[in-house]
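Here is what each chain is made of, one letter per residue.
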Amino acid sequence: MLYQLIAIPVISALIGYITNILAIKLLFWPQKPVNLFFFTLHGLLPKRQEQIAISIGELVEEQLLSLDEIIDHINTPPIQAKIMNNLNTVLGEKIEAVIPRIVPGKVVQLIRNTMEKSLRQEAPGIINQTIESGREHLKQDIQVKKIVEDKIRAFDLDQLEEMIRGVSSTELRFIELLGGILGFIIGIIQVGILILFPIH
């Protein structure tokens, strides 16, 4: 009788632990549908990969990173200043390369200074106008949602499993152990019931 009372919580703990291991495994496997007489067994992530790709694509584009937000982050004074500085450097080098060496250095410098002054006056408006005019074209040609969807659809399921397990290995391990702990507690309760209400 004593061995039976000890065995009940131990067996319950094993059942709970193994059940949770299988439940986690079934998130990823089998990757292809397996027919088991009355039902088809298919891992949750492989089965829902298409729906997951669509949902995450919509989430990223609508809530996390829309193309408008990307353009707004590009079309800022600091970025415009960097573009303008790069343009000034490139154009200055081109001017020095084109103008004959016979031209005095002061004249070349005067041309560069005049060009830089004009560039600093006109460039911000030109850059802003160019970005804004291209906004609608970019939104038509570049769809963040579609890019994310295609990436997830093309994602190798083994890599996806490895990535998820790598990120949440501690939590998954805790779920496995929790199954054993809950199984053990249920076994203890069963033992208590058997002691209180013995079967004759």
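Before reading further, recall that the structure is shown in the block above.
What comes next is a walk through the structure. (Residues numbered from 1 in each chain as written. Predicted model: local features only at pLDDT ≥ 70, side-chain atom pairs only at ≥ 80, totals over all residues. Heavy atoms only, no water.)

A word on the overall build of the protein chain. A tally of regular secondary structure across the protein chain gives eight helices and two strands. In the protein chain, the order of α-helices and β-strands from amino to carboxyl end is α-β-β-α-α-α-α-α-α-α. Over its C-alpha atoms the protein chain spans a radius of gyration of 33 Å, topping by over 25% the 16 Å that the globule rule assigns to 200 residues. Principal-axis analysis of the C-alpha atoms places the extent of the protein chain at approximately 115 × 35 × 30 Å. (Helix = DSSP H or I, 4+ residues; strand = E, 2+ residues; numbered from the N terminus. Rg over C-alpha atoms; globule rule 2.2 N^0.38 Å.)

What follows deals with helix α8 (residues 157–196). With 40 residues, α8 extends just 51 Å between its outermost C-alpha atoms, more than 12% less than the 58 Å of an ideal straight helix rising 1.5 Å per residue. For α8, the principal kink sits at Ser168 and spans about 80°. Residues Leu157, Leu160, Glu161, Ser168, Leu172, Glu176, Gly179, Gly180, Gly183, Gly187 and Val191 constitute the buried set of α8. Considering only its buried residues, α8 is in contact with α1 (2–25), α2 (44–47) and α3 (49–64). If you check the start of α8, you find a side-chain oxygen 3.1 Å away from the backbone N of Asp158, and it comes from Asp156. (Expected span 1.5 Å × (residues − 1). Bend = angle between axes of the 7 residues up to and from the residue. Buried < 20%, exposed > 50% of the residue type's maximum accessible area, 1.4 Å probe, protein only. Contact = heavy atoms within 4.5 Å. Polar contact = N/O pair within 3.5 Å; in protein donor to acceptor, adjacent residues only side chain to side chain.)

In this structure, Ala53, Val60, Leu67, Ile71, Met84, Leu119, Ala123, Ile127, Ile131, Val144, Val148 and Ile152 together form the largest nonpolar core, which totals 12 residues. Secondary structure elements with two or more residues in this core: α3, α4 (67–74), α6 (105–141) and α7 (144–153). If sequence neighbours within four positions are ignored, Val148 has contacts with Ile56, Gly57 and Val60. Core analysis: the next-biggest nonpolar cluster, separate from the first, contains six residues, Ile24, Phe28, Leu157 and Leu160 among them. (Core = buried A, V, L, I, M, F, W, Y, C linked by side-chain atoms within 4.5 Å.)

Looking at where Pro78 falls in the secondary structure, it is placed in helix α5 (residues 77–98). When its relative accessible area of 52% is taken as the criterion, Pro78 is described as exposed. Expressed as a C-alpha distance, the spacing of Pro78 and Lys145, which sit 67 residues apart in the sequence, is 28 Å.

It is worth spelling out the environment of Ser12 at this point. Here Ser12 shows up in helix α1. Overall, the relative accessible area of 15% leaves Ser12 in the buried class. Contacts of Ser12, omitting those with residues within four sequence positions, involve Gly183, Phe184, Gly187 and Gln190. A polar side-chain atom of Ser12 sits 2.9 Å from the main-chain carbonyl oxygen of Ile8.

On the surface, Phe174, Ile175, Leu177, Leu178, Ile181, Leu182, Ile185, Ile189, Ile193, Leu196 and Phe197 cluster together into a nonpolar patch covering about 1100 Å² of accessible area. Assignment of secondary structure puts Phe174 in helix α8. (Patch = residues over 30% accessible without salt bridge, like charges linked within 9 Å, V, L, I, M, F, W, Y side chains within 5 Å. Areas by Shrake-Rupley, 256 points an atom, 1.4 Å probe, with all protein chains shown as cover. Salt bridge = Lys/Arg side-chain N within 4 Å of Asp/Glu carboxyl O.)

Between the first and last C-alpha of α1 there are 35 Å, a value that for 24 residues agrees with the 34 Å anticipated at 1.5 Å per step. At its buried positions, α1 is contacted by α8.

Taken by themselves, the reported measurements are silent on function.
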